[in-house]
Amino acid sequence: MNRNRRQTCAALMAAALTVAWPLAGRAQQTYPDRTITLLVPFSPGGGTDIAARLMADQLGKKLGQAVVVDNRAGAAGQIAADAVARAKPDGYTLLFANSGLMAINPWLYKLSHDPARDFEPVSMFADLPFALVASPKVQARTVPQLVEQLRAQPDQFTFASSGSGGAPHLAGEKFQLATGTKMTHVPYKGGGPAMADLVAGHVDLLFASVLETASYVKSGKLVALAVTGPQRSPVLPDVPTLTEAGIRDADTGSWTAVLAPKGTPKAIVDQLSATIREVAQLPDVQQRLSAQGAVARGSTPEQLRDVAALDRGRYGELIRARNLKVD
């Protein structure tokens, strides 16, 4: 190739790059320019779904585009997670995940994706503490009284959960490990049936979100013995934390977060993360989450990655210690 020809090729390449870079920049600067789909891996009406819809509404307003919630329940959250993992990494398909999907499922299921590898962490959104509630037929009215009864009658008390391997189930397992007690686990297909049988007195105890339990406690249909988390819930202000009740190393609960497909441009991830953090700081959002027993908690992508890794380690130790498996 002669000198003139080389110079001509170089000039053409430079011109092409000059055109391409502004176009790429404008593509990211105009994000979003259409509807964003937020996949929720659970049925409508539960605590995770309610938080997702609240965030989606406010996120859409701030971004200037609709954020539509798409419920894809089933397979312990894996149907929705698989769909997002396979989606085009352009910021228009997101996953509203929870701690179970990110930190528990890898230990209990054979997954077609890796929660730590196949997604871009975007931001946390809310903490969902649990309440330990009892059927009125249970004589205990405090956690120390309950522990005394459980130790006196090992395996005679039942604790329900929304399903084997979920965060409420593991909350019960962690409570037993921390208190040296033994109960019989009764898994249900969802939180609704578990709650119904607890209210009917067919099972004794349940760990469930404050959102799900508060109305039953206030109406006297259930007895709240404690809440998880570092502080009391404003929804149940008279109910002590597990730590206040004298039980250490038993705190658990759930949290929600937003993930994007692996390879989503960093500029888009950072924009979404910053906007979700703004949403989490809105007084109306904080008030509505608080009324549901949740606590707003936006984060950077790095903070979400660290929290998920920490919980994966903690839950892995618990699952091994209790030799837990799912069918």
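Just so you know, the residues in each chain are numbered from 1, in the order the chain's sequence is written. It should be noted that, the model being predicted, local features are given only for residues of pLDDT at least 70 and side-chain atom pairs only at 80 or more, the latter also being counted only at that level, while totals for whole chains, interfaces and linings use all residues. With hydrogens and water stripped out, all remaining heavy atoms of the structure feed into the side-chain values.

Per an unreviewed UniProt entry, the recorded name for the chain is Tripartite-type tricarboxylate transporter, receptor component TctC, and the organism is Paracidovorax wautersii. UniProt positions are given in the numbering used here, feature names are shortened, and annotations may be inferred rather than shown by experiment. Comment text from UniProt for the chain, heading Sequence similarities (unreviewed entry), reads "Belongs to the UPF0065 (bug) family."

Even after reading the chapter, I still don't get the domain arrangement of the chain, so can you show me in this structure?
How big an interface is tends to be stated in terms of the accessible area lost upon association of its parts. An automatic or database domain assignment provides the domain bounds reported here. Looking at the chain, the domain boundaries give domain 1 (36–128 + 254–322) and domain 2 (129–245). When each unit is reduced to the centre of its C-alpha atoms, the spacing between domain 1 and domain 2 is 26 Å. A buried area of about 1,400 Å², summed over both sides, lies between domain 1 and domain 2, and 66% of it is on carbon and sulfur atoms. Its largest share of buried area at the contact with domain 2, domain 1 owes to Leu128, Leu318 and Arg322, together 35% of the area lost on that side. Salt bridges are identified by distance alone: a Lys or Arg side-chain nitrogen within 4 Å of an Asp or Glu carboxyl oxygen. Between the two partners, domain 1 and domain 2, sit one salt bridge. Here Arg322 makes a salt bridge to Glu173, at a shortest N to O gap of 2.8 Å. Helix numbers and strand numbers start at the N terminus; a helix is a DSSP run of H or I with at least 4 residues, a strand a run of E with at least 2. Mapped by element, the contributors of at least two residues to the side of domain 1 that touches domain 2 are helix H2 (47–63), helix H4 (99–108), strand E4 (119–134), helix H10 (283–291) and helix H11 (301–322). Buried area, as used here, totals the accessible surface that two parts lose on assembly, with accessibility defined by a 1.4 Å probe and the loss added over both.

Is there a simple way to think about helix H8 (residues 210–218) in this case?
Categorising residues by exposure relies on relative accessible area from a 1.4 Å probe, with only protein chains included: less than 20% of the type maximum marks a residue as buried, more than 50% marks it as exposed, and the intermediate range marks it as partly exposed. Within the span of H8, buried status applies to Val210, Thr213, Ala214 and Val217. Angularly, the buried residues of H8 cover 115° about the axis, an arc narrow enough to put them on a single face. Two residues qualify as a contact provided that any one of their heavy atoms is within 4.5 Å of a heavy atom in the partner residue. Where H8 is buried, its residues touch E4, helix H7 (191–199), strand E7 (205–209) and strand E8 (223–227). The first or second residue beyond H8 is Gly220, which carries a positive phi of 85°. Working definition: the arc comes from the directions between the helix axis and the C-beta atoms, pointing outward to the latter.

Help me out: how do you make sense of the side chain of Thr179 in this one?
As for its position among the elements, Thr179 is in helix H6 (residues 167–179). When residues no more than four places from it in sequence are discounted, the contact partners of Thr179 are Val147, Arg151 and Ile247.

Just checking my understanding: could you explain the pairing of strand E6 (residues 184–187) for this structure?
Two faces make up the sheet, and in a regular strand the side chains alternate between them. Whether two strands pair depends on DSSP finding at least two bridges between them. In this sheet, E6 lies alongside strand E5 (residues 158–161) in parallel orientation, the contact comprising four bridges. Pairing of Phe159 across the sheet is with His185, part of E6. Looking down the strands as they point away from the viewer, one classifies a crossover as right-handed if the path from the first strand across the helix to the second runs clockwise. After leaving E5, the chain enters H6 and then returns to the sheet as E6, a path that is right-handed.

Looking at this model, I keep getting lost on the layout of surface pockets. Mind explaining?
Leftover empty space is mapped by rolling, across the atoms, a probe with the size of a water molecule. Cavities and pockets are defined on a 1 Å grid built over the protein atoms alone: a cavity is a set of grid points where a 1.4 Å probe fits but cannot escape, while a pocket is an open set with protein on both sides within 12 Å along at least five of seven lines, and lining residues are those with an atom within 4 Å of any such point. Grid points are joined across faces, edges and corners, and a volume is the space filled by probe spheres set on the points. Considering only enclosed or pocket space, the largest pocket measures out at about 1,100 Å³ in volume. Contributing to the lining of the largest pocket are 46 residues, with Phe42, Ser162, Pro168, Gly190 and Gly191 lying nearest its centre. Taken together, the elements giving at least two residues each to the lining of the largest pocket come down to H2, H4, E4, H6, H7, E7 and H8. With five residues, H4 is the single largest residue contributor to the lining of the largest pocket. Classes in brief: Ala, Val, Leu, Ile, Met, Phe, Trp, Tyr, Cys and Pro nonpolar; Asp, Glu, Lys and Arg charged; the others, Gly included, polar. When grouped by side-chain class, the residues that make up the lining of the largest pocket number 21 nonpolar, 22 polar and three charged. Its volume calculated, the second largest pocket comes out at about 500 Å³. As for the second largest pocket, its lining consists of 26 residues, of which Asp127, Gly229, Pro230, Thr252 and Arg297 are closest to the centre. Where the lining of the second largest pocket is concerned, the elements lending two or more residues are E4, strand E9 (253–261) and H11.

Honestly, the pairing of strand E2 (residues 67–71) in this entry has me stumped. Any pointers?
Relative to E2, strand E1 (residues 36–40) is paired through five bridges, and the arrangement is parallel. By the bridge assignment for E2, Ile36 is matched with Val67.

Explanation requested: the side chain of Ser273 in the structure shown.
Checked against the element boundaries, Ser273 lands in helix H9 (residues 266–280). Accessibility expressed as a relative area gives 1% for Ser273, which makes it buried. Beyond its immediate stretch of four places on either side in the chain, Ser273 contacts Val122, Ser123, Ser299, Thr300 and Pro301.

Is there a simple way to think about the packing of aromatic side chains in this case?
The description of two aromatic rings rests on the distance between their centres and on the angle between their planes. Ring pairs are drawn from Phe, Tyr and Trp, using the six-membered ring of Trp, whenever the two centres fall within 6.5 Å, and their geometry is named by plane angle: stacked under 30 degrees, edge-to-face over 60, tilted for the rest. Within the structure shown, the criterion is met by three aromatic pairs. Centre to centre, the rings of Tyr31 and Tyr92 are 5.1 Å apart; their planes meet at 65°, and the pair counts as edge-to-face. Of the two residues, Tyr31 sits in the loop between helix H1 (3–29) and E1 while Tyr92 sits in the loop between helix H3 (78–86) and strand E3 (93–98), which places them 61 residues apart along the sequence. A residue is classified by how much of its surface remains accessible, and Tyr31, at 4% relative accessible area, is buried. Overall, the relative accessible area of 9% leaves Tyr92 in the buried class. Across the ring face of Tyr92, the terminal group of Arg34 is positioned such that the distance to the ring centre comes to 3.6 Å. Cation placement over rings: the criterion is NZ of Lys or CZ of Arg within 6 Å of the ring centroid and within 35° of the ring normal.

Looking at this model, I keep getting lost on unusual backbone geometry. Mind explaining?
Generally, phi is negative for residues other than glycine and the peptide bonds are trans, each holding for most cases. Residue Tyr31 is joined to Pro32 through a cis peptide bond whose omega torsion reads -10°. Mapped onto the secondary structure, Pro32 falls in the loop between H1 and E1. The phi torsion at Asp249 lies on the positive side, around 60°, for a residue other than glycine. Along the polypeptide, Asp249 turns up in the loop between E8 and E9.

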